[in-house]
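Here is what each chain is made of, one letter per residue.
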Amino acid sequence: MRTERTQRVSVAWHALEEGAVLDALGGDARVGLSEEEVALRLAKYGRNTLPESGRRSFWQVLLGQFASPLIYLLLLAAAIALAMGHRSDFWVIALVLLLNAVIGAIQEGRAEGSIVALRRLSELQVTVLRAGGLRRVPAAELVPGDVLVLGAGDQVGADARLLEAVGMEVTEAALTGESQPVGKDVEVLPEATEVSERLNLVYAGTHLTRGRGRAVVVATGMETEVGKIARSVLEEKKVGTPLEMRLRRFGHWLAAGALLLLVVVLGLGLSRGIPFAQIFMVAVSQMVSMVPEGLPGAMTIALAVGMRRMARRGALVRRLAAVETLGSTDIICSDKTGTLTRNELTVTVLLLPDGRSMGVTGVGYAPEGGFLFGGVEVDPVKEEALRELLEAAALCNDAHLKAPDSGGATWRAQGDPTEVALLTVAGKGGVEVEALRRRWPRRGEIPFDSGEKRMATEHQDGVLVRVVVKGAPERVLDLCDPSTLEDGAILRVAERFATQALRVLAVAEGRGEDLDCAGGFEGLRGRLRFLGLLGQEDPPREEARLAVEECQRAGIRPVMVTGDHAATGRAIASALGILRPGDLVVDGPTLEGMEEAELRSALGRISVFARVHPSQKLRIVRAFQAGGHVVAMTGDGVNDAAALAASHVGIAMGGSGTEVAKEASQVVLTDDNFATVVMAVQEGRLVYQNLQKVVLFLFATSIDEVLVLVLALGLGLPVPLAAVQILWINVVTEGAVTVNLAMEGLEGDEMRRPPTRLGEGLVTRPMVWRLALMVPCSVLVVLAFFDWRGKSGLPFEQVQTETFTLVAICQWFNALNCRSAVRSVWSMEVFRNGWLVGGLLLAFVLHGLVVYWKPLNGIFYTVPIPAADFARLILLGSIVLWVEELRKWRVRVRFRR
């Protein structure tokens, strides 16, 4: 793909006459461009595509895995080990780092592959006029001057100036966030007209819901409105993830601790008269062993496992760190349409001419449901007035609704969602739409016009003629016979429906009337009969309601950020439980007038932002971040991209989302469902929870070894462990269980805990208190045993072997301790985590080989010990388990009280 394109001078295309537009572009409305001219313009302007931000080669992804302070510290430790001749230490650390990088790169590569697959499924084909004929070509091959031929259901492939527009409506939600279709025409507009009000332009990424037209392409690629937003996304500086910040702080503390340990060990050794060369080797070995080389691998495995679990449940994660970030999220800024709602308009209530209001059951486009009056189901066959209303709504309608294919479960809709909803409710009433249309074929029409806010169709069955009109209630009632209407009553009902966030349509009919298509609606005034009102809503997803409740229990606050009207946002947010008593709904103009300090102080009470534009979405995200919140932002449109890129976790919709939104995000939902976001948060919390278990275990192990050595030196005891034995514990005892501890499953209360605070370190205060109990317990057990056995007259090799074994056993039990901070080991189904059980068995077998297999005795300075002594060591080492079990029991008792 060409990345350098000739920049065009910005032209106010909406302010030019059609002829001037064509002259400026060198286009021809009758024959289009020739293939030769298209080739020249492609070479000049480049392909009609957007750059794919963040697209990295495998080697770039691989090198990116090393960008961490903890990794830098490990690399330094490896270099020191190699310089001092500790080649085994060097190769162990190098192998761990390499495996960590490869695993991370593979997982991120798989996620990128899934995103690419989604993109291929959505490659756009458009109809274009070239060399006098119509052709279907990839949208990527459009050039300025091409003439697009557009019809209902088509997606616009580039920004274009309309040359012809017949009853055209376009949904621009992907660009502006406004869910209602916008009427289009060819009228010349003032040069100062805002982008969202340029009704004679259509934009790349938008869809026609009604009508047809032709338009000449005026901008492609990065010069389109979509491209301009994409450029701002590329320039947006991404904030660091909470995990990256925690690892950075953790690395700094670890480096300081390692240097302090070096000084302490050197000082103690020299004060006892140990030669400098010897004590320096011991001190450096301890400093290297203090660095938890198993943490990067365990962290990568935990993130990768979380990524795979999330992918199976509909969330594709593009960056590993985003998995943990989701677990720290405490604010979710969510779009409304399609995420919190079904994005399928549904008629939920209707009014008949006799004043009866009926409820309609069933949601979505499937014509399944019924009609209720006073809580009692109504038979539509016996209700002539109801059937007349439904038939008229199906006739004055340009949409199509197709039954699922064999084996399918989804009804397929084509056309304006408002009209599709009318076909659905007609189907619920037993109307066979296609048969009705064949019986009453259309012979004339006045297309819907955004100024008139109504449309009319004329139908004939033999000698019988009927005219049907539908549209805004006040505009349709204006055509009805006043003697058939109760003064103001119908409009009052329409207003009541509107306050319930319903889109209200009125339907009227004239039998034996002729439609003057050229003269418009004036000829129908006072001659129609009112048939009824229909109230439509985009119903909330039932699973979204439950997901919102789960969020709130988990200390996460969902905030609706929508381009829709405030009344609609308020109604949906209330139905879902997002809008709490006393909360505020703030619209775009109000937000524009708020000072930054005023906005930040009010954020805690604002649950709905309505009618907001792209820069305001970005401002909302940054305001929450300035308040110390971890923000996840969901979106599908181009207008969401900047906010997606700026948030801690951008979550794009895989089904309805634009490519710009997907490129700006770290997570892509394949089902466009808010409930999947909450699932992803739960998985993120599990990942971070498991990482803390790993950190706790590694710290307990490292500190145990350090304190055993330092205290032994301080008490005048011999060195209790050989350097190679310390290495074995670090590599085998830790390695066999560290990664496996990261495979722990859900404990069940992840979503009942508060989110992790942004400033919280990787080692938390509760973890420090646990270490303050676990570490002294195991250190005292080991040192007391070492001193007692040393005074019993046994050979030092046996005492050291037994001490080495006891240290390993204490760490095996500590691995079980780390599975939960509260729950007993025995209540967690010991064998549930088969990986951990397998790792403990492997560590046991390997340690047995070191102690009892003669070829390894010489390498590790060990001697075989009696089996009975081994059993007693297991009982002695289990003290660390029982002490921690006692602490957990006391915590559970306190919680119950």
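Residues numbered from 1 in each chain as written. Predicted model: local features only at pLDDT ≥ 70, side-chain atom pairs only at ≥ 80, totals over all residues. Heavy atoms only, no water.

Let's shift gears to the overall build of the protein. Of the regular secondary structure elements, the protein holds 31 helices and 26 strands. Scored against the burial criterion, the 897 residues of the protein give a buried share of 56%. Long-range contacts, defined here as pairs at least 24 residues apart, represent 73% of the contacts in the protein between residues at least 6 apart. With the model as given, the accessible surface of the protein reaches about 37300 Å², and the carbon-plus-sulfur share is 59%. (Helix = DSSP H or I, 4+ residues; strand = E, 2+ residues; numbered from the N terminus. Buried < 20%, exposed > 50% of the residue type's maximum accessible area, 1.4 Å probe, protein only. Contact = heavy atoms within 4.5 Å. Areas by Shrake-Rupley, 256 points an atom, 1.4 Å probe, with all protein chains shown as cover.)

Scored by pLDDT, the protein comes out at a mean of 82, with 83% of its residues at no less than 70. Low pLDDT, under 50, characterises residues 1-9; the predicted model gives this stretch 25 contacts beyond four residues in sequence or across chains. Confidence over residues 114-122 falls short of pLDDT 50; this stretch has 13 contacts with residues more than four positions distant or in other chains. (pLDDT = per-residue confidence, 0-100.)

What follows is about the pattern of salt bridges. Counted under the stated rule, the structure contains 35 salt bridges. Of the charged contacts in the structure, one is a salt bridge between Glu434 and Arg437, with a shortest N-O distance of 3.9 Å. Taken as a pair, Glu434 and Arg437 lie in helix H14 (residues 433-439) at a separation of three residues, close to a single helical turn. Look at Arg437 and you get buried, because its relative accessible area is 17%. (Salt bridge = Lys/Arg side-chain N within 4 Å of Asp/Glu carboxyl O.)

Take the side chain of Gln689 next. Mapped onto the secondary structure, Gln689 falls in helix H24 (residues 674-714). With residues up to four places along the chain from it excluded, the contact list for Gln689 reads Glu747, Glu750 and Arg753.

Once that is clear, we can look at helix H31 (residues 879-896). The first and last C-alpha atoms of H31 sit 26 Å apart over 18 residues, in line with the 26 Å expected at 1.5 Å per residue. As for H31, its buried residues are in contact with helix H26 (765-790), helix H27 (796-817) and helix H30 (867-877). (Expected span 1.5 Å × (residues − 1).)

Turning our attention to the nonpolar core. Counting residues in hydrophobic clusters, the biggest one holds 100 residues, and the most contacted among them are Met310, Leu326, Ile332, Ile651, Val667 and Phe674. In terms of residue count, H24 provides more of this core than any other element does, 18 residues in total. With sequence-adjacent residues up to four places away left out, Met310 is seen in contact with Ala315, Val317, Val323, Leu326, Met679, Ala680 and Glu683. Residues Leu316, Val559, Leu644 and Ala664 belong to the second largest nonpolar core, which totals 42 residues. (Core = buried A, V, L, I, M, F, W, Y, C linked by side-chain atoms within 4.5 Å.)

Now for helix H13 (residues 417-428). With 12 residues, H13 extends 17 Å from end C-alpha to end C-alpha; this agrees with the ideal 16 Å at 1.5 Å per step. A large share of H13 lies buried, amounting to 10 of its 12 residues. Sitting at the head of H13, Asp416 places a side-chain oxygen 2.8 Å from the backbone nitrogen of Thr418. Following H13 by one or two positions, Gly430 has its phi on the positive side, about 85°. (Polar contact = N/O pair within 3.5 Å; in protein donor to acceptor, adjacent residues only side chain to side chain.)

The next subject is the packing of aromatic side chains. Taken as a whole and assessed by the stated rule, the structure comprises six aromatic pairs. One aromatic cluster is present, built from ring pairs that chain together Trp812, Phe844, Tyr852 and Phe870. Over the aromatic face of Phe373 sits the side chain of Arg356, whose NZ or CZ is 5.6 Å from the ring centroid. (Phe/Tyr/Trp six-rings, centres within 6.5 Å; stacked < 30°, edge-to-face > 60°. Lys NZ or Arg CZ within 6 Å of the ring centre and 35° of its normal.)

What you see with strand E11 (residues 357-360) is a clean split: Met358 and Val360 sit on the buried side and Ser357 and Gly359 on the side with no burial. The sheet contact formed by strand E10 (residues 346-351) and E11 spans three bridges and is antiparallel. Counterpart to Leu351 in the pairing with E11 is Ser357. Counting the residues between successive antiparallel strands, the hairpin from E10 to E11 contains five residues, one of them, Gly355, with a positive phi of roughly 95°. (Pairing = 2+ DSSP bridges.)

With that settled, consider the pairing of strand E7 (residues 207-219). The two faces of the sheet receive side chains in turn, since in a regular strand these alternate between them. Bridge count between strand E3 (residues 147-151) and E7: five bridges; the pairing is antiparallel. Bridge pairing links Gly151 to Arg212 in E7. Where strand E4 (residues 159-171) and E7 come together, 10 bridges link them in antiparallel fashion. Its bridge partner lying in E7, Leu162 is registered against Ala215.

Here we take up the sheet that holds strand E25 (residues 649-653). Spatial strand order, E8-E26-E25-E24-E9-E21-E23-E22: eight strands in an open sheet with mixed pairing. Single-partner strands in this sheet number two, and they are strand E8 (315-317) and strand E22 (584-587). Strand after strand, the sheet turns through a mean of 20° between neighbouring axes, direction not considered. Examined bridge by bridge, E8 and strand E26 (residues 667-669) share three bridges and lie antiparallel to one another. The residue of E26 that forms the bridge with Ala315 is Leu669. Where H24 meets the sheet, its contacts fall on E8, strand E9 (331-334), strand E21 (557-561), strand E24 (631-635), E25 and E26, and the angle it forms with E9 comes to roughly 160°. (Axes fitted to C-alpha atoms, helices over the stretch in contact; angles between N-to-C directions.)

On to the packing of helix H28 (residues 834-852) against H30, then. Running from amino to carboxyl end, H28 crosses H30 at an angle of 140°, the nearest separation of the two axes being 13 Å. In this view, H28 runs oblique relative to H30, as classed from their interaxial angle. In the crossing of H28 with H30, the sense of the turn from one axis to the other is right-handed. In this structure, H28 contributes Phe844, His847 and Tyr852 to the contact, and H30 contributes Ala867, Phe870 and Ile874. (Parallel < 35°, antiparallel > 145°, perpendicular 65-115°, else oblique. Left-handed = near helix turned anticlockwise from the far one by under 90°.)

Our next topic: the layout of surface pockets. Vacant regions in the atomic arrangement are exposed by a probe of water-molecule size rolled over the atoms. In this structure, the second largest pocket occupies an estimated 1100 Å³ of space. In this structure, the second largest pocket is lined by 36 residues; those nearest its centre are Gln692, Arg753, Thr764, Pro766 and Ala821. For the lining of the second largest pocket, the element with the most residues is H24, which contributes six residues. Residues belonging to the lining of the second largest pocket are distributed by class as follows: 13 nonpolar, eight polar and 15 charged. (1 Å grid on protein atoms, 1.4 Å probe; cavity = no way out; pocket = protein on both sides within 12 Å on 5 of 7 lines; lining within 4 Å. Points joined across faces, edges and corners; volume = space filled by probe spheres on them. Nonpolar A, V, L, I, M, F, W, Y, C, P; charged D, E, K, R; others polar.)

Turning next to the sheet that holds strand E18 (residues 464-471). As summarised here, the arrangement of the nine strands in space is E13-E12-E11-E10-E20-E19-E18-E17-E16, forming an open sheet in which the pairing is antiparallel. Strand pairing shows two members of the sheet lacking a second neighbour, strand E13 (376-378) and strand E16 (442-449), which therefore form its edges. Strand-to-strand twist across the sheet, computed as the mean angle between neighbouring axes with direction ignored, equals 25°. Judged from the six bridges that link them, E18 and strand E19 (residues 503-511) form a sheet pairing that is antiparallel. Each residue of the ladder has a partner; that of Val468, found in E19, is Glu509. Seen against the sheet, helix H12 (residues 384-395) touches E10, E11, strand E12 (371-373), E16, strand E17 (454-461), E18, E19 and strand E20 (529-537) and runs at an angle of roughly 70° to E20. Strands E10, E11, E19 and E20 of the sheet are contacted by helix H16 (residues 489-499), whose axis makes an angle of about 10° with E20.

Working note: non-glycine residues mostly have negative phi, and peptide bonds are mostly trans. One non-glycine residue, Ala131, lies in positive phi territory at about 55°. With respect to the helices, strands and loops of the structure, Ala131 is situated in the loop between strand E1 (125-130) and strand E2 (133-138). The exposure class assigned to Ala131 is exposed, which follows from its relative accessible area of 53%. Even without glycine at this site, Arg611 takes up a positive phi of about 55°.

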